[in-house]
Amino acid sequence: MTSDPACSHLPGAARGGPVSHAVSRVARLHRIAAGKLLKATGLYPGQEYLMMCLWDTGAVRQSEVIKAVDLDPSTVTKMLQRLEQAGHVRRSPDPADRRAVLVEATDSSCALLSDVERAWTNLEEHTLAGLDADERTELARLLAKVEENLCRETADCTETP
């Protein structure tokens, strides 16, 4: 464990929520670690999640992608523009509704799939190092409960946890 106060100090205002403070710190550090592992793929954190959605769904309306990744529409549009410029995503008018845009992963983006899988496997191992199988199962169970609580609180569930 580090003695760096930036990593371990609980600010006075957070004393009523030490777990929330820890979750916030862990989420930030997890995103940083993901960014380091994804750097070799040329993706930024968040872009891999968008690509995972497209690899799993195939062609889908951009509005559905926005709902799936639960980000601001302008953020998703910017991500899609960058992914399109890199050749990973193709956008086209929806033949069923010319006002809508279909988004799909390109065939060439499939080369990224194994790199993203490997990065997420490495991230999982790095994140859970030192936890045995039972602890990993328990952590996943507890995090699912926390997610469900937050989902209910925000009334902003995109899918059932």
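Conventions and cut-offs
- Residues numbered from 1 in each chain as written.
- Predicted model: local features only at pLDDT ≥ 70, side-chain atom pairs only at ≥ 80, totals over all residues.
- Heavy atoms only, no water.
- Pairing = 2+ DSSP bridges.
- Helix = DSSP H or I, 4+ residues; strand = E, 2+ residues; numbered from the N terminus.
- Patch = residues over 30% accessible without salt bridge, like charges linked within 9 Å, V, L, I, M, F, W, Y side chains within 5 Å.
- Areas by Shrake-Rupley, 256 points an atom, 1.4 Å probe, with all protein chains shown as cover.
- Salt bridge = Lys/Arg side-chain N within 4 Å of Asp/Glu carboxyl O.
- Buried < 20%, exposed > 50% of the residue type's maximum accessible area, 1.4 Å probe, protein only.
- Contact = heavy atoms within 4.5 Å.
- Axes fitted to C-alpha atoms, helices over the stretch in contact; angles between N-to-C directions.
- Parallel < 35°, antiparallel > 145°, perpendicular 65-115°, else oblique.

Engineer: What am I meant to see in the sheet that holds strand S3 (residues 97-105) here?
Structural biologist: Ordered in space as S1-S3-S2, the 3 strands form an open sheet in which the pairing is antiparallel. The open sheet has two edge strands with one neighbour each: strand S1 (60-61) and strand S2 (89-94). For S2 and S3, the ladder comprises 6 bridges, and the chain directions are antiparallel. Directly across from Asp-94, in S3, lies its bridge partner Asp-97.

Engineer: Just to check I follow, could you spell out a nonpolar patch on the surface for this structure?
Structural biologist: A cluster of nonpolar side chains, contributed by Leu-131, Leu-139 and Leu-143, occupies part of the molecular surface with about 220 Å² of accessible area. By relative accessible area, Leu-139 is classed as partly exposed at 33%.

Engineer: I tried to follow the pattern of salt bridges on my own but got confused; where do I start?
Structural biologist: Opposite charge on two side chains makes pairing possible when the charged atoms of those side chains draw close. Scanning all chains against the criterion turns up 9 salt bridges. With its nearest N and O atoms 3.0 Å apart, the salt bridge here joins Arg-91 to Glu-84. Residue Glu-84 is classed as partly exposed on the basis of its relative accessible area, which comes to 30%. Arg-99 is paired through a salt bridge with Asp-97; the nearest N and O atoms lie 3.1 Å apart.

Engineer: Even after reading the chapter, I still don't get the pairing of S3, so can you show me in this structure?
Structural biologist: Both faces of the sheet carry side chains from a regular strand, because those side chains alternate between them. Here S1 pairs with S3 via 2 bridges, running antiparallel. Bridge assignment links Arg-61 to a residue of S3, and that residue is Leu-102.

Engineer: Explanation requested: the side chain of Ser-109 in the structure shown.
Structural biologist: Relative to the helices and strands, Ser-109 is located in the loop between S3 and helix H6 (110-128). For Ser-109, a relative accessible area of 0% translates into the label buried. Among residues more than four places away in sequence, those in contact with Ser-109 are Met-51, Trp-55 and His-88.

Engineer: Just to check I follow, could you spell out unusual backbone geometry for this structure?
Structural biologist: Negative phi characterises most residues that are not glycine, and trans characterises most peptide bonds. Of note in this structure, Asp-70 is not a glycine but carries a positive phi near 55 degrees. For Asp-70, a relative accessible area of 40% corresponds to the partly exposed category.

Engineer: Sorry, what's going on with the packing of helix H3 (residues 47-57) against helix H5 (residues 73-85) here?
Structural biologist: For any two helices packed against each other, the geometry is given by the interaxial angle and the distance between the axes. Across the interface, H3 lies against H5 with an axial gap of 11 Å and an inter-helix angle of 80 degrees. Taken together, the axis directions place H3 and H5 in an arrangement best described as roughly perpendicular. Residues Gln-47, Leu-50 and Met-51 of H3 form the contact with H5, whose own contacting residues are Val-76, Met-79, Leu-80, Arg-82 and Leu-83.

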